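Letter by letter, the chains look like this.
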Amino acid sequence: MNAMSAIGPVLDMLQEAGARRYGGEAVSQLEHALQCAHLAETAKAQDELVAAALLHDLGHLLHDPGDDATQQGMDDKHQFRAMPLLRRLFGAGVTEPIRMHVDAKRYLCRADPEYHRALSPASRQSLEWQGGTFTPEEARRFILQPYGRDAARLRTWDDLAKTPGKPTPGVAHFEKTLARCVKRKD
Ligand SMILES: [Fe+2]
């Protein structure tokens, strides 16, 4: 299977399920994914991190626990749900920032008090269900892990990617970036 056909199911999921609302925010899942990937691309992030930005909430699309898990008082653990699918296709440069993007919020709340103040109401609420702000020691351990800095960068784009009506490139624009990130079979 070539890289383009390998990513087909992932692109289909984004397109089909992307019309769902993104948590308690005023954008759809697809708008959120595209805005996040566009922010990564604009920041000249490497391909893997742009791919991670596009796919970071794929777990929400595999199983949506309801219109708004946060408002139901749930941590839906979406950062782990898409891992088996993503690990078949991509290496750690894509999957690790995705796996760590929820903990990255807990890190940023410790590292940057302004960040915590600027969280949207829905995101602030979900922080508590995700375990709350890291202690100083937890924050230090987090950022020293491989891909810790990438996860923190992804998280800052994630938090910004909630602007209703913001123009972005479509899914097709990111196809080649995703294809370049597909693992080669030796
Ligand atoms: Fe997100």
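Residues numbered from 1 in each chain as written. Predicted model: local features only at pLDDT ≥ 70, side-chain atom pairs only at ≥ 80, totals over all residues. Heavy atoms only, no water.

Caption draft 1: Inspection of the overall build of the chain at higher detail. The helix and strand tally for the chain stands at 14 helices and zero strands. When the elements of the chain are put in sequence order from the N terminus, they spell out α-α-α-α-α-α-α-α-α-α-α-α-α-α. In terms of overall size, the chain behaves like a compact globule, its C-alpha atoms giving a radius of gyration of 16 Å where 186 residues would be expected to give roughly 16 Å. In terms of overall dimensions, the chain has a C-alpha envelope of 45 × 35 × 30 Å along the principal axes. By the burial criterion, 51% of the 186 residues in the chain qualify as buried. Surface accessibility of the chain: about 9,100 Å² in total, with carbon and sulfur atoms responsible for 52%. Both charge centroids of the chain, one from 25 positive and one from 25 negative side chains, sit 4 Å from each other. (Helix = DSSP H or I, 4+ residues; strand = E, 2+ residues; numbered from the N terminus. Rg over C-alpha atoms; globule rule 2.2 N^0.38 Å. Buried < 20%, exposed > 50% of the residue type's maximum accessible area, 1.4 Å probe, protein only. Areas by Shrake-Rupley, 256 points an atom, 1.4 Å probe, with all protein chains shown as cover. Lys, Arg positive; Asp, Glu negative; His and termini not counted. Charge placed at Lys NZ, Arg CZ, Asp CG, Glu CD.)

Caption draft 2: How the structure looks around the nonpolar core. In this structure, L14, L54, L55, L58, L86, F90 and L178 are the most contacted members of the largest nonpolar core, which totals 39 residues. Residue assignment for this core shows that the elements contributing at least two residues are α2 (8-17), α3 (29-42), α4 (47-55), α5 (58-62), α7 (83-89), α8 (92-99), α13 (148-160) and α14 (175-181). Sequence-distant contacts of L58, that is, excluding residues within four places in its chain, are made with V10, M13, L14, A82, L85 and L86. Counting residues in each nonpolar core, the second largest holds 14 residues, with M100, A104, Y107 and I143 among its members. (Core = buried A, V, L, I, M, F, W, Y, C linked by side-chain atoms within 4.5 Å. Contact = heavy atoms within 4.5 Å.)

Caption draft 3: Local environment of the state of the cysteines. Across all of its chains, the model carries zero disulfides by this definition. The closest cysteine sulfur to the non-disulfide-bonded C36 is located on C181, 14 Å from its own sulfur. Note on C181: relative accessible area 7%, which makes it buried. (Disulfide = S-S within 2.5 Å.)

Caption draft 4: Geometry of empty space enclosed by the protein. This structure, assessed with the given rule, holds two cavities of 30 Å³ or more. Along the walls of the second largest cavity sit L14, Q29, A33, L54, D57, L58 and L61, which together make up its complete lining. Mapped by element, the contributors of at least two residues to the lining of the second largest cavity are α3 and α5. Classifying every residue of the lining of the second largest cavity gives five nonpolar, one polar and one charged. (1 Å grid on protein atoms, 1.4 Å probe; cavity = no way out; pocket = protein on both sides within 12 Å on 5 of 7 lines; lining within 4 Å. Points joined across faces, edges and corners; volume = space filled by probe spheres on them. Nonpolar A, V, L, I, M, F, W, Y, C, P; charged D, E, K, R; others polar.)

Caption draft 5: Up close: α13. When the terminal C-alpha atoms of α13 are compared, their 19 Å separation across 13 residues agrees well with the 18 Å that a helix rising 1.5 Å per residue should span. Those residues of α13 lying buried are G148, D150, A151, A152, L154, R155, W157, D158 and D159. (Expected span 1.5 Å × (residues − 1).)

Caption draft 6: Highlighting the packing of aromatic side chains. Summed over the entire model, instances satisfying the criterion amount to two aromatic pairs. Their ring planes at 50° and their centres at 5.9 Å tell us that F134 and F142 sit as a pair that is tilted. The burial state of F134 is the same as that of F142; both residues are buried. An aromatic cluster of at least three residues, connected via ring pairs, comprises Y107, F134 and F142. (Phe/Tyr/Trp six-rings, centres within 6.5 Å; stacked < 30°, edge-to-face > 60°.)

Caption draft 7: Structural context of unusual backbone geometry. Residues other than glycine seldom take positive phi values, yet K44 does so here, at roughly 60°. Along the chain, K44 falls in the loop between α3 and α4. Given the relative accessible area of 73%, K44 is considered exposed. Phi at Y147 takes a positive value of approximately 70°, unusual for a residue other than glycine. The residue Y147 is located in the loop between α12 (136-144) and α13 in this model. By relative accessible area, Y147 is classed as partly exposed at 32%.

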